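Single-letter residue listing:
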Amino acid sequence: MFEKLSLIPPDPILKIISEYNEDVRSNKIDLGVGVYRDSFGETPIMSVVKSAESHILSTQKSKAYIGLAGDTIYNKNIQKLILGDIKIAEDRIFTIQTAGGTTSLRVASELLKETSKNINIWVSNPTWSNHIPVLESTNINFREYPYYDMETNTLLFDRMIACLETVPKGDAVLLHACCHNPTGMDPTLEQWKKIIQVMKSRELLPFIDNAYQGLANGLDEDASALRLMASEFNELIISSSCSKNFGLYRDRVGALTVITKNEDSNKKTKSNVLKIVRTMGSVPPDHGAACVGYILSDKSLTQKWKSELDDVKVRLKNMRKELAGSLKNKTNSHDFSHIVRANGMFSFLGITSEQVQALKSQYGIYMEESGRINVAGITMENVSYLTDSITKVLESHQ
Ligand code: LMR
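Residues numbered from 1 in each chain as written. Predicted model: local features only at pLDDT ≥ 70, side-chain atom pairs only at ≥ 80, totals over all residues. Heavy atoms only, no water.

Focus: the overall build of the protein
- Helix and strand counts for the protein stand at 15 helices and 13 strands.
- Judged by the C-alpha coordinates and their principal axes, the protein covers about 65 × 55 × 55 Å.
- Counting only residues that meet the buried cut, the protein has 54% of its 398 residues in that class.
- In the protein, 76% of the contacts between residues at least 6 apart in sequence involve partners at least 24 apart.
- Total accessible area on the protein is roughly 18,700 Å²; 52% of this is exposed by carbon and sulfur atoms. (Helix = DSSP H or I, 4+ residues; strand = E, 2+ residues; numbered from the N terminus. Buried < 20%, exposed > 50% of the residue type's maximum accessible area, 1.4 Å probe, protein only. Contact = heavy atoms within 4.5 Å. Areas by Shrake-Rupley, 256 points an atom, 1.4 Å probe, with all protein chains shown as cover.)

Set out below in structure tokens:
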């Protein structure tokens with residue numbers, strides 16, 4: 001019976017991992033999947049995570065199920081991390097632990113489909129390459145709003161607003177809290193205020209993907225748009241992830257936070273969410289979330305974590321400057337200043353898919369076909385080879 005299946009192309013981001021691993025060139029560079037790398041090109045386990053792991057290893061007495069909502073200590077702390085001092089009545093909000101941010105997005109999409117068969121989810125054009133597949137797998141309608149101009153490498157803010165002004169009441173808008181993936185280009189706070197004003201007037205639901213808190217300008221700064229929305233809207237969905245800011249990628253640590261109008265709707269919403277979780281994979285994995293819950297419950301560990309995360313943020317900013325400066329000097333003609341204006345791990349290089357292919361085949365430099373790069377793949381050792389190669393490819397493949 002399996003012969004009836006059609007062949008599905010591999011995921012455009014994850015396939016880069018194996019292509020890169022198979023490449024035997026010693027000077028190859030991986031600018032593909034969004035995984036942090038330090039100045040040595042390594043993805044180390046944060047030392048604060050190592051401490052939490054040894055604590056858990058020595059004190060954990062059981063592996064029995066905790067429950068569908070996961071670890072309550074983790075959930076409470078994640079809510080605080082996301083919302084800071086924003087006060088939401090306890091009976092209007094809940095947070096559950098999920099297996100990474102992706103599961104949270106999927107559970108939220110299933111929930112939205114359950115609330116209305118006709119709802120559309122509006123996603124930015126472009127968006128993370130797994131957003132649309134997640135919505136497609138949920139079988140929910142989705143539409144796109146303009147977001148980024150590939151020619152000028154700037155936000156299409158006026159067009160985004162004009163589009164939101166036409167979105168049918170009751171639809172949901174998927175927004176990136178910070179470090180927009182794939183462009184790295186975020187609205188300013190003033191622009192967020194305008195987005196909120198239009199969305200409120202159209203009675204639209206914010207569905208926020210918060211996967212990179214702390215990687216742009218700081219934990220509080222990166223949550224400012226999200227917190228503004230939490231204080232302005234009666235209803236809100238937040239999918240968050242600890243993959244990047246705790247470096248817990250493979251341990252699958254995420255959360256789903258939902259704010260509802262009142263206690264009654266909160267209870268009903270949570271019951272629907274737990275039913276979805278039960279059939280999608282049941283209880284979430286414990287280990288990573290237990291580490292995060294432990295770190296965030298302890299002041300001194302939290303301080304250590306913040307300082308490790310600050311190093312990540314600073315390194316990303318420095319590598320952006322190195323790359324843009326070096327490309328400007330070497331190409332003499334192209335403007336790469338948008339790379340410095342962007343936030344977090346990603347930027348578009350602004351090159352064609354042929355040029356992306358040439359960088360891969362001729363120089364062993366790997367990135368998404370769209371020209372999205374993970375700036376964490378750049379080091380002081382490889383930046384010169386990288387920018388030499390980009391310059392040559394820009395000249396030879398116009
Ligand atoms: C990325 O965009 O590279 C990351 O979010 C990792 C992933 O799962 O795609």
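Thoughts on the pattern of salt bridges
- Tallied over the full model, the rule gives 14 salt bridges.
- The salt bridge partner of Asp388 is Lys330, with a shortest N-O separation of 3.1 Å. One end of the pair, Asp388, is in helix H15 (residues 383-396); the other, Lys330, is in helix H12 (residues 299-331), with 58 residues separating them in the sequence.
- Counted as one network, the salt bridges with shared partners bring together Arg106, Glu110 and Lys113. (Salt bridge = Lys/Arg side-chain N within 4 Å of Asp/Glu carboxyl O.)

What about the site of the ligand?
- All residues in the neighbourhood of the ligand are listed as Ile13, Val33, Gly34, Trp128, Asn181, Tyr212, Lys244, Phe346 and Arg372.
- The side chain of Lys244 places a nitrogen or oxygen atom 3.1 Å from an oxygen atom of the ligand.
- Split by residue class, the shell around the ligand holds five nonpolar, two polar and two charged.
- For the shell around the ligand, the domains that each give at least three residues are domain 1 (9-45 + 305-396) and domain 2 (65-297). (Near = heavy atom within 4 Å. Polar contact = N/O pair within 3.5 Å; in protein donor to acceptor, adjacent residues only side chain to side chain. Nonpolar A, V, L, I, M, F, W, Y, C, P; charged D, E, K, R; others polar. Domains from an automatic or database assignment.)

Examining the packing of helix H7 (residues 189-201) against helix H9 (residues 224-232)
- Between H7 and H9, the least distance of the axes is 10 Å, while the angle of their chain directions is 30°. Our classification of the angle between H7 and H9 gives roughly parallel. Considering the relative orientation of H7 and H9, their crossing is right-handed. Across the interface between the two elements, Leu189, Trp192, Lys193, Ile196 and Lys200 from H7 touch Ser224, Ala225, Leu228, Met229 and Glu232 from H9. (Axes fitted to C-alpha atoms, helices over the stretch in contact; angles between N-to-C directions. Parallel < 35°, antiparallel > 145°, perpendicular 65-115°, else oblique. Left-handed = near helix turned anticlockwise from the far one by under 90°.)

A word on the packing of helix H11 (residues 287-296) against H12
- Across the interface, H11 lies against H12 with an axial gap of 6 Å and an inter-helix angle of 110°. Between H11 and H12, the angle is such that the two are roughly perpendicular. Contacts from Tyr294, Ile295 and Leu296 of H11 reach H12 at Leu301, Thr302 and Trp305.

What to know about the sheet that holds strand S10 (residues 254-259)
- Read across the sheet, seven strands follow the order S2-S10-S9-S8-S7-S3-S4 without closing on themselves; strand pairing throughout is mixed. On the outer flanks of this sheet lie strand S2 (93-98) and strand S4 (141-146), each paired with one strand and no other. Across this sheet, the average inter-strand angle for adjacent strands is 20°, counted without regard to direction.
- Across six bridges, the pairing between strand S3 (residues 120-125) and S4 is parallel. Across the sheet, the residue bridging to Val123 is Glu144, located in S4.
- Across the sheet, helix H10 (residues 263-280) is in contact with S2 and S10; its angle to S2 comes to roughly 10°. (Pairing = 2+ DSSP bridges.)

Considering the side chain of Arg315
- Among the secondary structure elements, Arg315 is positioned in helix H12.
- There is no salt bridge for the buried Arg315, and the closest opposite charge comes from Asp38, which lies 6.0 Å off by N-O distance. (Lys, Arg positive; Asp, Glu negative; His and termini not counted.)

Quick look at the domain arrangement of the protein
- Split by domain assignment, the protein resolves into domain 1 (9-45 + 305-396) and domain 2 (65-297).
- Taken over C-alpha atoms, the centre of domain 1 sits 27 Å from the centre of domain 2.
- Domain 1 puts 25 residues into the contact, and the matching count from domain 2 is 30 residues.
- Summing the contributions of domain 1 and of domain 2, the shared interface buries around 2,200 Å²; its carbon and sulfur component is 64%.
- It is Trp305, Asn343 and Phe348 that lose the most area in domain 1 upon contact with domain 2, and together they represent 32% of the buried surface on that side.
- Where domain 1 meets domain 2, there are zero salt bridges.
- Across the contact surface, domain 1 and domain 2 share seven residue pairs in polar contact (both at pLDDT 80 or more).
- Of all the elements in the fold, those that place two or more residues in the side of domain 1 that touches domain 2 are H12, helix H13 (338-341) and strand S11 (346-348).
- Of the residues forming the side of domain 1 that touches domain 2, the biggest block, seven residues, is contributed by H12.
- Of the residues belonging to the side of domain 1 that touches domain 2, the class tally is twelve nonpolar, six polar and seven charged. (Buried area = accessible area lost by both parts, 1.4 Å probe.)

A look at the packing of aromatic side chains
- Inspection of the entire model under this criterion finds five aromatic pairs.
- Ring centres of Tyr20 and Tyr366 lie 5.7 Å apart, and the angle between their planes is 90°; on these two criteria the pair is classed as edge-to-face. Residue Tyr20 is found in helix H1 (residues 14-22), and its partner Tyr366 is found in strand S12 (residues 365-366); the two are separated by 346 residues along the sequence.
- For Tyr20, a relative accessible area of 19% gives the class buried.
- A relative accessible area of 6% places Tyr366 in the buried class.
- Across the ring face of Phe346, the terminal group of Arg372 is positioned such that the distance to the ring centre comes to 3.7 Å. (Phe/Tyr/Trp six-rings, centres within 6.5 Å; stacked < 30°, edge-to-face > 60°. Lys NZ or Arg CZ within 6 Å of the ring centre and 35° of its normal.)

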